[in-house]
Amino acid sequence: MAQMNMKEAIRDAMRVELSRDPNVVIFGEDVGNVGGVFRVTEGLQKEFGEERVFDTPLAESAIGGLAVGLGIQGFRPIAEIQFVGFIFEALDQIAVQAARMRYRSGGRYNSPIVFRTPFGGGVKAAELHTDALEGLLAQTPGIKVVVPSNPYDAKGLMIAAIRDNDPVFFMEHLNLYHAFRAEVPEGEYTVELGKANVVREGSDVTIIAYGLMVHTATKAAEELEKNGIKAEIIDLRTIAPIDIDTVIASVKKTNRAIVVQEAQKSAGVAAEVIAQINEKAILHLEAPVLRVAPPDTVYPFAQIEDAWLPTPARIVDAVNKVMNF
Amino acid sequence: MTNGVKQVYNNSITAELDIQIFIEVKKMTKVPYEVYTEEVDTLSVLSPDGEIVNQDLLPELSDDQLKEIMYRMVFTRTWDDRAVNLGRQGRLGFYAPVSGQEATMVGSEFAIEKDDFICPGYRDMPQIVWHGLPLYQAFLYSRGHQHGGQIPEGVNVLMPQIIIGAQILHAMGIAMGYKLKKQKQVVITYTGDGGSSEGDFYEGLNFAGVYKLPVIFFVQNNGYAITTPFSKQTAALSIAHKAVAAGIKGVRIDGMDVFAVIKAVRDAAERARNGEGATLIEAVTYRFRPHSLSDDATKYRTKEEEGEWSEKDPIARLAKYLEKKGLWTEEDTARVKEEAKAKVNEQIKKAEQTEKMTVPGLIDSMFEQTPKHLEEQKADFQ
């Protein structure tokens, strides 16, 4: 098996699908000739030609509309939105046109599109390059939202997303592109959309997270273990739909939970997870389920990003609160 | 004028040049910062009196085709009359009247092939019905029923678009699909004068220019975006001028003249099929009725203006032309009206008798495979 970082794993997924299915096309700003600002699609235009992998003019709404139109034509577009903050320019095409195509046409048309975008803090990028906007799409009916935390999942989820006949919003954490390498199988395999993964087993408390926060939670769990607290960590992997069954099974075992998210605290994925725990397992809880999340401000300028984002120490504090409730 | 735009078409054009009815960008010469100020003519073939004012640009149409066009325009007017009444009776929901725009709607659809693709705006129901959408489904769409958008297989149209301009981008994408698949179909998309102010309009034209896509952007400039007059929509001399910025062809036509419409769309489609790229057509027209059934046009239009435009009625002028040729009589008009009324009555009944949507059905239409959480939510509605 090859060792890959997450960027290489995502690229490998797209290469596998470009080879396998002639209807897969990739486009976006700068994705063709140089392979994108993060080089995620590097080499793909050279390998598959300019009709399969191409640069677009700089206009996000048109990139979204192009994907919708090509989807109607039977293609499987992978449209890159260069940075997450730019999705506002394309939100009608993503959240209205693509996400409602199946419903509006009663199934005659669909949007088998992957919208890829890098996001996430910790790299001190420019304003509106890092925001965690997953909540906007997680609340949008008709679209799935995927946030991988490691190379293996990223490749398998990307292949599943490309093959899905409905639109998928695929969020790639900037801080994970080069963070570490892991074993990634060659060729094709899928990680099912809508399935969470228990990445660390424990018996005392469940920590639910996704994306970079899985790693922040792992650091916290290592600290907690020194004090004899065994934390179980669930990586949601897909935040729409949420695999609540895996969460509930864990909560029934540990009876305590916290949810960690990089997005602002209110009305987000954490709130949804907690609501569903209440609906399905409230009698199993020994303490309220807490959230570790940034305050309800705009995603900050780079200078205070580290202070704003959830840290292992804040996760440890939250776990201690639910343990001592 | 050194760097303006010029319409090559004029009244003395020769037959072999008649494809070149488009605005062309002239080379910048001496004054690079001058704003384009050269106005373009509005292409016209059939005068309000039913006279051919430009024989060279008259599209080739057989007598049967001429009668068919007339049939469809009269049918569409009658359908519109009936739909307005049905709306007032509460038997239709949102309905955008079309009277006055029959030349642009019927003519442009008539000028393309059956397997070409239409991306309509919200008022463009006649184009997609004449392209193959059953009328009762148009009524179902108005009544807020999902089956209205369930386009039959083999009918190449999208559902009417509500977000102004979004369909322009879909047309561009569908056109790229034809180009990638090396198929010869073209795409036509519609918006209004208001739609030409949207960002999506400029983005769509620009992409179509860059990729040389087989798409026709058809703007029905009916003078008002709901209530806002064209004078407040743009400082450009015309909407056709906007083609210049995208590097595509543009033309401005009399939208009350069905021959000008057919000529412009046929030429644009031919160019698109030949790999010569996109065309922007601005058709100057007028909606005789308000924007919708809840709009009051007397608040923003004068009786005089409405009177002037009714003199330009696209149906009346075609009728005059056809009557002179011995192809149409008042009795024909009366007969078509009766046929249209009967068809509307039958189709609205069919729409009313269509089984109602259900919440579980709605839930199952969100994804190819309904996810578990939605299955659980469905249980609450069964």
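Residues numbered from 1 in each chain as written. Chains lettered and ligands numbered in written order. Predicted model: local features only at pLDDT ≥ 70, side-chain atom pairs only at ≥ 80, totals over all residues. Heavy atoms only, no water.

Novice: What exactly am I supposed to notice about a nonpolar patch on the surface here?
Specialist: A surface patch of nonpolar side chains, about 310 Å² in accessible area, is lined by M357, V359, L362 and F381 of chain B. By the element assignment, V359 of chain B lies in helix α12 (residues 359-364). (Patch = residues over 30% accessible without salt bridge, like charges linked within 9 Å, V, L, I, M, F, W, Y side chains within 5 Å. Areas by Shrake-Rupley, 256 points an atom, 1.4 Å probe, with all protein chains shown as cover. Salt bridge = Lys/Arg side-chain N within 4 Å of Asp/Glu carboxyl O. Helix = DSSP H or I, 4+ residues; strand = E, 2+ residues; numbered from the N terminus.)

Novice: So what exactly am I meant to see when it comes to the domain arrangement of chain A here?
Specialist: Accessible area lost during the coming together of the parts is what is often quoted as the interface size. All names here are of chain A. Structurally, chain A comprises domain 1 (2-184) and domain 2 (197-324). In this assembly, 26 residues from domain 1 lie in contact with 21 residues from domain 2. When domain 1 packs against domain 2, close to 1900 Å² is buried across both sides, 56% of that on carbon and sulfur atoms. The interface formed by domain 1 and domain 2 holds two salt bridges in total. For D153, the salt bridge is made with R237, and the minimal N-O distance between the two is 3.1 Å. Taken together, the connections running from domain 1 to domain 2 amount to 14 residue pairs in polar contact (both at pLDDT 80 or more). No other element matches the three residues that strand β6 (residues 144-146) contributes to the side of domain 1 that touches domain 2. Residue classes in the side of domain 1 that touches domain 2 are distributed as twelve nonpolar, eight polar and six charged. (Domains from an automatic or database assignment. Contact = heavy atoms within 4.5 Å. Buried area = accessible area lost by both parts, 1.4 Å probe. Polar contact = N/O pair within 3.5 Å; in protein donor to acceptor, adjacent residues only side chain to side chain. Nonpolar A, V, L, I, M, F, W, Y, C, P; charged D, E, K, R; others polar.)

Novice: I would appreciate a short explanation of the interface of chain A and chain B in the present structure.
Specialist: In this assembly, 39 residues from chain A lie in contact with 44 residues from chain B. Both faces combined, the contact of chain A with chain B buries some 3400 Å², and carbon together with sulfur accounts for 59% of it. If you sort the residues of chain A by the area they bury against chain B, Q73, R104 and R108 of chain A come out on top, with a joint share of 19%. At the junction of chain A with chain B, the criterion picks out four salt bridges. Here K280 of chain A ties to E376 of chain B by a salt bridge, and the two come within 2.7 Å at their closest N and O atoms. For the pair chain A and chain B, the number of links is 20 residue pairs in polar contact (both at pLDDT 80 or more). Among the elements of the structure, β3 (53-55), α3 (60-72) and α4 (87-104) of chain A are those that each provide at least two residues to the side of chain A that touches chain B.

Novice: Mind showing me how you'd approach the pattern of salt bridges here?
Specialist: Here the idea is simple: oppositely charged side chains can pair when their charged atoms come close. All names here are of chain A. Taken as a whole and judged by the stated rule, the model has 44 salt bridges over all chains. For the salt bridge of E8 with R181, the shortest nitrogen-to-oxygen distance reads 2.6 Å. Of this pair, E8 sits in helix α1 (residues 6-20) while R181 sits in the loop between β7 (168-173) and β8 (182-184), and the two are 173 residues apart along the sequence. For E8, a relative accessible area of 23% translates into the label partly exposed. Through salt bridges with shared partners, a single ionic network connects D12, R15, E47 and K155. (Buried < 20%, exposed > 50% of the residue type's maximum accessible area, 1.4 Å probe, protein only.)

Novice: Honestly, the pairing of strand β10 (residues 205-209) of chain A in this entry has me stumped. Any pointers?
Specialist: Two faces belong to every sheet, and in a regular strand the side chains alternate between them. All names here are of chain A. Most of β10 sits out of view: five of its five residues are buried. Burial along β10 is two-sided: the residues V205, I207 and A209 and T206 and I208 are all buried. What joins β10 to strand β11 (residues 231-235) is helix α7 (residues 212-226), and the crossover it makes is right-handed. Bridge count between β10 and strand β13 (residues 257-260): three bridges; the pairing is parallel. Its bridge partner lying in β13, T206 is registered against A257. (Right-handed = clockwise from strand over helix to strand, strands pointing away. Pairing = 2+ DSSP bridges.)

Novice: How do you make sense of unusual backbone geometry when you look at a structure like this?
Specialist: Trans peptide bonds make up most of the peptide bonds, and negative phi angles are found at most residues other than glycine. All names here are of chain A. Cis peptide bonds are those with omega within 30 degrees of zero, and the linkage from A240 to P241 qualifies with 0 degrees. With respect to the secondary-structure elements, P241 resides in the loop between β12 (238-240) and α8 (244-254). Positive phi is not limited to glycine here, since D30 has a value of about 70 degrees. Within the secondary structure layout, D30 lies in the loop between β2 (24-28) and α2 (44-48). The phi torsion at N255 lies on the positive side, around 65 degrees, for a residue other than glycine. Within the fold, N255 resides in the loop between α8 and β13.

Novice: Is there a simple way to think about the pairing of strand β8 (residues 249-254) of chain B in this case?
Specialist: Residues and elements named next belong to chain B. Counting buried residues in β8 gives six out of six residues, a clear majority hidden from the surface. Residues K249, V251 and I253 line one face of β8 and the alternating positions G250, R252 and D254 line the opposite face, and both faces are buried. The pairing of β8 with strand β9 (residues 279-284) spans six bridges and is classified as parallel. Of the residues in β9, the one forming a bridge with R252 is E282. In this fold, the crossover linking β8 to β9 by way of helix α8 (residues 258-273) has right-handed handedness.

Novice: Which parts of the structure should I look at to understand the sheet that holds strand β5 (residues 114-119) of chain A?
Specialist: Note on sheets: strands pair through backbone hydrogen bonds, and any given pair is parallel or antiparallel. Residues and elements named next belong to chain A. Strand order in this open sheet of seven strands is β3-β2-β4-β5-β7-β6-β12, and the pairing throughout is mixed. Bordering the open sheet on either side are β3 and β12, each of which pairs with just one other strand. This sheet shows a mean twist of 20 degrees between the axes of neighbouring strands, independent of strand direction. Sheet topology note: the β6/β7 ladder contains three bridges and is parallel. Considered in β7, the bridge of V145 is made with F169. (Axes fitted to C-alpha atoms, helices over the stretch in contact; angles between N-to-C directions.)

Novice: Explain the nonpolar core to me, please; I cannot follow it from the model alone.
Specialist: Of all hydrophobic cores here, the largest spans 160 residues; its most connected members are L236 and I277 of chain A together with W79 and L318 of chain B. Of the residues forming this core, the biggest block, eleven residues, is contributed by helix α1 (residues 63-88) of chain B. Two domains share this core, each providing at least three of its residues, namely domain 1 (2-184) and domain 2 (197-324) of chain A. If we skip the residues at most four places from it in the chain, I277 of chain A touches I208, V247, I248, V251, A257, I282, L285 and V289 of chain A. By size, the runner-up hydrophobic cluster in this structure holds 56 residues, among which are M4, A9, V191 and L193 of chain A. (Core = buried A, V, L, I, M, F, W, Y, C linked by side-chain atoms within 4.5 Å.)

Novice: I keep staring at the environment of V215 of chain B and nothing clicks. Help me out?
Specialist: Residue and element names in this part refer to chain B. Looking at the element boundaries, V215 is found in strand β5 (residues 215-221). Residue classification places V215 among the buried residues on the basis of a relative accessible area of 0%. Along the backbone, V215 and D81 are 134 residues apart, and their C-alpha atoms lie at a distance of 32 Å. Contact partners of V215, with chain neighbours within four places excluded, come to A171, A175, V187, A208, A272, G277, A278 and T279.

Novice: Please clarify how α1 of chain A should be interpreted in this entry.
Specialist: Along an α-helix, a turn takes 3.6 residues, which lines up residues three or four apart on a common side. Residues and elements named next belong to chain A. Look at α1: 21 Å from first C-alpha to last across 15 residues, which is about the 21 Å you get at 1.5 Å a residue. Within α1, eleven of the 15 residues are buried, leaving the element largely enclosed by the surrounding structure. Taken as a whole, α1 has its buried residues at M6, K7, A9, I10, R11, D12, A13, M14, V16, E17 and L18. Put simply, N5 is the residue that caps the front of α1, since its side-chain oxygen is 3.2 Å from the backbone nitrogen of K7. (Expected span 1.5 Å × (residues − 1).)

Novice: Explain the packing of α8 of chain A against helix α9 (residues 269-281) of chain A to me, please; I cannot follow it from the model alone.
Specialist: When two helices pack together, you describe them by how their axes are tilted relative to each other and by the distance separating the axes. All names here are of chain A. Where α8 contacts α9, the two axes come as close as 10 Å, and the packing angle between them is 65 degrees. Crossing angle aside, the handedness with which α8 passes α9 is right-handed. Side by side, α8 and α9 meet where I244, V247, I248, V251 and K252 of the first sit next to V273, Q276, I277, K280 and A281 of the second. For the contact of α8 with α9, the residue count by class is seven nonpolar, one polar and two charged. (Left-handed = near helix turned anticlockwise from the far one by under 90°.)

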